[in-house]
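Examining the three-dimensional arrangement
What follows is each chain in one-letter form.
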Amino acid sequence: MTQFCIDVKNLNKYFANNHVVKDFSIQVAKGEIYGFLGPNGSGKTTSIRMMCGLITPDSGHGECLGMDIFTQRENIKKRIGYMTQHFSMWGNLSIRENLLFIARLHNLAQRQHRVEQTLAGLGLSSRQHQLARELSGGWKQRMALAACLLHQPDLLFLDEPTAGVDPKARREFWQTLHRLSDEGISIMVSTHYMDEAERCHKVAYLSNGQLLANGTIESIIQAQHLTTVRIRGRELSVLESRLQHFPVVEQTVIFGNALYVTAQDEKQLLTTLSQVISDEYERVKVATNLEDAFTWLMKKHDD
Ligand SMILES: Nc1ncnc2c1ncn2[C@@H]1O[C@H](COP(=O)(O)OP(=O)(O)OP(=O)(O)O)[C@@H](O)[C@H]1O
Ligand SMILES: [Mg+2]
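Described below are features of the structure shown in this document. (Residues numbered from 1 in each chain as written. Chains lettered and ligands numbered in written order. Predicted model: local features only at pLDDT ≥ 70, side-chain atom pairs only at ≥ 80, totals over all residues. Heavy atoms only, no water.)

1. Section: the site of ligand 1
- For ligand 1, the set of nearby residues contains 14 residues, the closest of which are Gly41, Lys44, Thr45, Thr46 and Gln85.
- Ser42 is positioned such that a nitrogen or oxygen atom in its backbone is 3.2 Å from an oxygen atom of ligand 1.
- At 2.7 Å from an oxygen atom of ligand 1 is found a side-chain nitrogen or oxygen belonging to Lys44.
- If ligand 1 stood free it would expose 630 Å²; the protein chains cover 62% of that surface.
- Elements supplying a minimum of two residues to the shell around ligand 1: strand 2 (18-29) and helix 1 (44-51).
- The biggest single contributor to the shell around ligand 1 is helix 1, with three residues. (Near = heavy atom within 4 Å. Polar contact = N/O pair within 3.5 Å; in protein donor to acceptor, adjacent residues only side chain to side chain. Areas by Shrake-Rupley, 256 points an atom, 1.4 Å probe, with all protein chains shown as cover. Helix = DSSP H or I, 4+ residues; strand = E, 2+ residues; numbered from the N terminus.)

2. Quick word on the sheet that holds strand 9 (residues 202-207)
- The strand order across the open sheet built from six strands is 6-7-8-3-9-10, with neighbouring strands paired in mixed fashion. Strands with a single pairing partner mark the edges of an open sheet, and in this sheet they are strand 6 (80-83) and strand 10 (210-215). Between one strand and the next, the sheet's axes are offset by a mean angle of 15 degrees, whatever the strand orientation.
- Sheet topology places strand 9 next to strand 10; five bridges connect them, and they run antiparallel. Each residue of the ladder has a partner; that of Leu206, found in strand 10, is Leu211.
- Helix-sheet contacts for helix 1 involve strand 3 (33-37), strand 6, strand 7 (155-159), strand 8 (186-190) and strand 9, and the interaxial angle to strand 3 is about 140 degrees.
- Most of the contacts of helix 5 (residues 137-149) go to strand 6, to which it runs at about 155 degrees, and overall it touches strand 6 and strand 7. (Pairing = 2+ DSSP bridges. Axes fitted to C-alpha atoms, helices over the stretch in contact; angles between N-to-C directions. Contact = heavy atoms within 4.5 Å.)

3. A short note on the nonpolar core
- Ranked by internal contacts, the top residues of the largest apolar core, which has 44 residues, are Leu145, Leu156, Leu158, Leu177 and Ile187.
- Sorting elements by how many residues they give to this core places helix 5 first, with seven residues.
- Counting residues in hydrophobic clusters, the runner-up holds 27 residues, among them Ile6, Phe24, Phe157 and Ala204. (Core = buried A, V, L, I, M, F, W, Y, C linked by side-chain atoms within 4.5 Å. Buried < 20%, exposed > 50% of the residue type's maximum accessible area, 1.4 Å probe, protein only.)

4. Points about unusual backbone geometry
- Positioned with a positive phi, Leu65 is a non-glycine residue whose angle comes to about 55 degrees.
- Although it is not a glycine, Asn107 adopts a positive phi angle of roughly 60 degrees.
- By the secondary structure assignment, Asn107 is in the loop between helix 3 (95-105) and helix 4 (111-121).
- Here Asn107 falls in the exposed class, since its relative accessible area comes to 61%.

Bear in mind that shape data such as this cannot, by itself, settle questions of function.
See below:
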């Protein structure tokens, strides 16, 4: 087996004439939590399904857990867990009954024991008799994760597992993901939440089927060579509109009481700001964050 649990190169996928994934290449190390981001329709789900052998790429090659994604799809399925974007459980069954049913579908040995273990591992034992349809979003998603883990996979594909789940439940879910990663399970997880991206060891950013960035968060931010200045004062949206007319200003965003202005040319940005805004505005250079970097990448790509 190679050192990577996912190692794919130049995967392409067309739906009719629509080229939805373009030369997608990625390497994921064992135990790594890899975040997968990008706008709606950018090709995340399609890429995930190609990596785990659920759909066939039109070209390219690669391995998942050391097995060929074209020819060893049935074997791959046995070693991975896949939580689909719109997963569903049997609402009329309890958590426990759902898991037992899935364990039977997988034809697992010692089903009762595996279900007990998994319930305990995910803190579900006390709720095991509750009907799936009565669970809140956070518990449903925990049950779905349990279902993916029953057969003790080496690699998890989680497609937007926390969409619509409250912050506390998301935090607990991510604690579980980090524990699984410590145990050596590799995780590829798609999300639209920046705070979740920042919890990953590495992230990949897809736009319009193309991988625009890939690596650690620090390396992605650094590679964009951006400077961000935080401005505080009154009528920030008026100031924002004014600043947007200056070519040096690449992007602006208001968060609460502050306006963030990002540029590539730091010197020119600072000169422009000192000419345009009065001293009553507080100005501080701050670290460019991942969202700024992604927004910039999208803009550059669109141009
Ligand atoms: N089975 C299919 N048949 C035809 N087109 C498809 C199919 N699946 C996906 N597409 C198209 O491929 C593109 C990529 O879709 P995909 O679901 O992979 O994006 P995504 O990044 O997962 O989006 P989201 O964030 O909304 O989940 C979209 O334009 C979508 O309409
Ligand atoms: Mg999707």
